[in-house]
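Next come the chains, spelled out residue by residue.
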Amino acid sequence: MEYERNLRDYVLRTFQKRKWIVILMPILAGLLGVFFTQKPPTVFEATGRIRVVSRSQPLDLMMQTFYYYEEGNRLDTHAEVMLSREVLKEVAVTLGRLINEEDGTPLTDDQIAANAGDLDFISSLRDSIVATVVEGTSILLVTVRRPNREDAILYLNALLDTYAKRNEYEVNQNVIEGLNFLRDRLRQVEADLEASQTVLVDFMLANAERLSLGTDEISQTHRDLRLAKANVAALDGAILVLDKASAGDFAPRLDMLSSLTNSPEIAQSYALLRDLDGELRTLLSYQTPESPEVVAVAEQLRGMVAGFRTTFASERAALIAERDALQAKFLAMPANDAELERLRAEVDLNADMYAQVRSQHEAAALSDSQKTQEIQIIERAIDAVPVTESRRASRGLIAASIGLLLGVVIALLVETLDTSIGAIEDVEALLNVPVIGIIPPIDFDDIRTIIRSTMPQMLENPDINHFSSLVTHYDPRSPVAEAYRALRTNIEKARAAADAKIIMVTSSVLEEGKTTTAANLALSFAQMGHKTMLLAADLRHPDIHRVFGLQKEPGLADVLTASMPWESATRGLSDILLGELPMDIVMLTPGMDNLHLLPSGSNPLNPAELLSSKSMRDLLDELRDAFDIIIIDTPPIIPVTDSAVLAEHTDGVVLIYEVGKVGRDVLKRAKSHFDNVNADIWGVVMNDVRAEAETALRDTDHHYRYEEGATGPPTGVLGSLGRPASKILGRRT
């Protein structure tokens, strides 16, 4: 009888049986998609183009050299920024929207957020704009769609103008702020100069007859006093700027301080601060403020500012003392001459300062006239064309495609569920063998919680999943442990009736829980007081030794090949205590002293021949005399013949079947293999049985490699539905 079913046959058979589901679902979904799609109104589309010019500033050249930098990335960035809320707010203000009616100022974000109409306007404006990159160029194609022609043209041109101006300001922000600062400073210095000149002239006219025109000492004293006052004023300005710098307001005002002092030391300090501030701005152009390098430079800058602030404050105190002394000396001179010299000094000081600020203003104005323009509008909208979007056909096609996919999924799901075998009656009717055990799913999380409370360091052990499967030891009061004890009771009755001792535990395919069942069943008999041997006869994919934290060598293979006494390879309680499991874990429940374990041993080249050898039969005869019961963990029956050749020498076979793991044909074929060797199947253990049906059975290709490291049979088209996370965390063997 051929049980193999390939994917093509499975799909064809499913389509033949469920073809109306696959045909009607896309038709119905497509009709619904067309019916519920309304015909959109006609809109007008205005089109414009802008060119993004590459900047040649040193910072940009550096970024292009040291970082991955493409023109397309910049264009995409501009396309996204154009749709930002800040840009759209400025466009709305240009169009006369989002403005306070009382004072004509733009609305704040809070005011906009409080008005649903304003939010809807910004949202509709964003939805009407599309900015795309013209392939192979540095040009952005911008389109705006509005319900009428005039609005489409007006909105597009407002968007282009607003974005170009905003980008120009952002690119040249430092130049613009510096020019504004110098313009205000120039006005102030010019007013001071004019005022000082007026006072000087008035004083000379009023005191012409009482002026001696001064002496060299008076002039020198005036010059010294003027210099001291200038230095104090420069330091006051420097301290003010440094206080602002401490709060994060660095450039561009550091560049304007040269007009406040002629001191070389102060100028050098300002140059150091300016260089460090330039480095910080360079880093901020391509890194975030929270990046370690930016934070380090900012901290260094603040430290320098604090140091300069302390130095300048100390120098200012000394200069004030010097100024006060000169002032006292000056006042002791003839009053009119002293006042005349003071007024002349003030005029000279203001004239010098005016010349410096004017020179800087002219240089800044020249830079402003050469501002970088990154955005160039190369095409404005002069007309808008009507556009009618028909979305019915496209939405109907999309809905039909989704319906087709849904139909296929439903057909496969129905077919999979239709072929399931999950009830006890179905299993017994199919195999003509009683179900002697029903094992619920093991909650591996609960087991790990128990282990964590006793020995938390065990959670780091890579074999924790294997340890957790020994539920009768770690959680003996759990429903799963009770299920294994119920299985033990049923086997005990069958064993007593037949006076049997050797029981083989196997399954149809990989990962149905045979090793877990064998280990827990053996421990259950040991806890009952029986002297129990757990024999690891799965020489291809051994796992029994990992459950108890032991080494697999020496073991059964070494006993059979090297004529080693089985007593030397058998592990007992002392060996388990010396293994990976701590004593607190091993002694968690009684009965472990009655359990003996013979691991698989070294990997043989001919496991089937070893298990069918005379040495194996002799070993079983010796074990029969030495133990009350022998539980043998063997490989699955479908992929290899090891279980079939060994079944002839055992008293009974327990077949493990994980619900939903394999199809009925595979399970039936496993039963037929044992029938061919006249093995006595005592019953089937249904493993991983849930209170509610959570799995669907699947077709399984049983032609696969079964060796150490193999992971199991193919999972079919759908695999298991709703596999719990515990099956992933704790793989059954």
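In this text the structure is predicted, and so the values were computed from the model without any measurement.

Which parts of the structure should I look at to understand the overall build of the protein chain?
Helix and strand content of the protein chain: 30 helices and 12 strands. For the protein chain, the proportion of its 733 residues judged to be buried stands at 45%. Restricting to contacts in the protein chain with at least 6 residues of sequence separation, those with at least 24 account for 82%. Accessible surface computed for the protein chain: about 36500 Å², of which carbon and sulfur atoms make up 54%.

Hey, could you run me through the environment of Gln111 in this one?
If you trace the backbone, Gln111 turns up in helix α6 (residues 109–113). When the C-alpha positions of Gln111 and Asn100 are compared, they lie 9.6 Å apart, and in sequence the two are 11 residues distant. In contact with Gln111, not counting residues within four places along its chain, are Asn100 and Asp118.

What's the story with a negative patch on the surface in this structure? I'm lost.
A cluster of like negative charges, contributed by Glu567, Asp621, Glu622 and Asp625, occupies part of the molecular surface. Ranked by the residues each element gives to the negative patch, the list is headed by helix α27 (residues 614–626), at three residues. Relative to the helices and strands, Glu622 resides in helix α27.

Is there a simple way to think about the pattern of salt bridges in this case?
If the charged atoms of two oppositely charged side chains come close together, the side chains can form a pair. Counting across every chain of the model gives 17 salt bridges. For Arg49, the salt bridge is made with Glu379, and the minimal N-O distance between the two is 2.8 Å. You can see Arg49 sitting in strand β1 (residues 43–52) and its partner Glu379 sitting in strand β4 (residues 375–379), a full 330 residues away along the chain. Classification of Glu379 by relative accessible area gives partly exposed; the value is 32%. Across the salt bridge formed by Lys89 and Asp109, the nearest N and O atoms sit 2.3 Å from each other. Pair noted here: Lys89 is in helix α5 (residues 85–94) and Asp109 is in helix α6, with a separation of 20 residues, a long-range link. Judged by its relative accessible area of 35%, Asp109 is partly exposed.

What should I look at first to understand helix α19 (residues 479–498) in this one?
The periodicity of an α-helix, 3.6 residues per turn, causes residues three or four positions apart to be oriented the same way. An ideal rise of 1.5 Å per residue puts 28 Å on 20 residues; α19 measures up with 29 Å between its terminal C-alpha atoms. Among all positions of α19, only Val480, Ala481, Ala483, Tyr484, Arg485, Leu487, Arg488, Ile491, Glu492 and Arg495 are buried. Once α19 finishes, Asp499 follows within two positions and takes phi at roughly 50 degrees, a positive value.

Can you walk me through unusual backbone geometry in this structure?
For residues besides glycine, phi is generally negative; the peptide bonds are generally trans as well. Residue Pro554 is reached from Glu553 by a cis peptide bond, and omega for that bond is -5 degrees. Here Pro554 lies in the loop between α21 (544–547) and α22 (556–562). A positive phi angle is found at Asn432, which is not glycine, with a value near 60 degrees. Tracing the backbone shows Asn432 in the loop between α15 (424–431) and β6 (435–439). Exposure remark for Asn432: the relative accessible area of 71% places this residue in the exposed category.

Help me understand the sheet that holds strand β12 (residues 681–687), please; the structure alone is not making it clear to me.
Backbone-to-backbone hydrogen bonds pair the strands of a sheet. The strands run either parallel or antiparallel. In spatial order, the strands read β6-β12-β11-β7-β10-β8-β9; together these seven strands make up an open sheet with parallel pairing. Each end of this open sheet is capped by a strand with a single partner; those strands are β6 and β9 (595–598). Recorded for the sheet is a direction-independent mean angle of 20 degrees between the axes of neighbouring strands. Inspection of the sheet shows strand β8 (residues 532–536) paired to β9 by four bridges, in the parallel sense. Residue pairing in the sheet places Thr532 in a bridge with Leu595 of β9. Those strands touched by helix α29 (residues 664–676) are β7 (502–507), β11 (652–658) and β12, and its axis lies near 170 degrees from that of β11.

Explain the confidence of the model for the protein chain to me, please; I cannot follow it from the model alone.
Interpreting fine coordinate detail is not advised for predicted regions of low pLDDT. Taken over all residues, the pLDDT of the protein chain has a mean of 76, while the share at 70 or more is 75%. Ignoring residues within four places in sequence, the model shows residues 56–71, a span with pLDDT below 50, making 17 contacts including any to other chains. Every residue in residues 692–705 scores below 50 in pLDDT, and together they form 56 contacts with partners more than four places removed in sequence or on other chains.

Explain helix α2 (residues 19–35) to me, please; I cannot follow it from the model alone.
With 17 residues, α2 ought to run about 24 Å at 1.5 Å a step, and its terminal C-alpha atoms sit 25 Å apart, in line with that. Among all positions of α2, only Val22, Pro26, Ala29, Gly30 and Gly33 are buried. Down the axis, α2 shows its buried residues gathered within 100 degrees of arc, on one side only. The exposed residues of α2 that point more than 90 degrees off its buried face are Trp20, Leu31 and Phe35.

Looking at this structure, I do not really get the side chain of Arg488. What am I missing?
Note that Arg488 resides in helix α19. Leave out the neighbours within four places in its chain, and Arg488 touches Leu521, Ser524, Phe525 and Met528.

How should the side chain of Asn520 be read in this particular structure?
When you line up the elements, Asn520 lands in helix α20 (residues 514–527). Dropping the residues within four chain positions of it, Asn520 is found in contact with Ser469, Leu470, Val471, Thr472 and Tyr484.

Could you clarify how one ought to interpret a nonpolar patch on the surface in this entry?
On the surface, Phe15, Trp20, Ile23, Leu24, Ile27 and Leu31 cluster together into a nonpolar patch covering about 630 Å² of accessible area. Along the polypeptide, Leu24 turns up in helix α2.

Calculation criteria
- Residues numbered from 1 in each chain as written.
- Predicted model: local features only at pLDDT ≥ 70, side-chain atom pairs only at ≥ 80, totals over all residues.
- Heavy atoms only, no water.
- Helix = DSSP H or I, 4+ residues; strand = E, 2+ residues; numbered from the N terminus.
- Buried < 20%, exposed > 50% of the residue type's maximum accessible area, 1.4 Å probe, protein only.
- Contact = heavy atoms within 4.5 Å.
- Areas by Shrake-Rupley, 256 points an atom, 1.4 Å probe, with all protein chains shown as cover.
- Patch = residues over 30% accessible without salt bridge, like charges linked within 9 Å, V, L, I, M, F, W, Y side chains within 5 Å.
- Salt bridge = Lys/Arg side-chain N within 4 Å of Asp/Glu carboxyl O.
- Lys, Arg positive; Asp, Glu negative; His and termini not counted.
- Charge placed at Lys NZ, Arg CZ, Asp CG, Glu CD.
- Expected span 1.5 Å × (residues − 1).
- Pairing = 2+ DSSP bridges.
- Axes fitted to C-alpha atoms, helices over the stretch in contact; angles between N-to-C directions.
- pLDDT = per-residue confidence, 0-100.
- Arc of directions from axis to C-beta.

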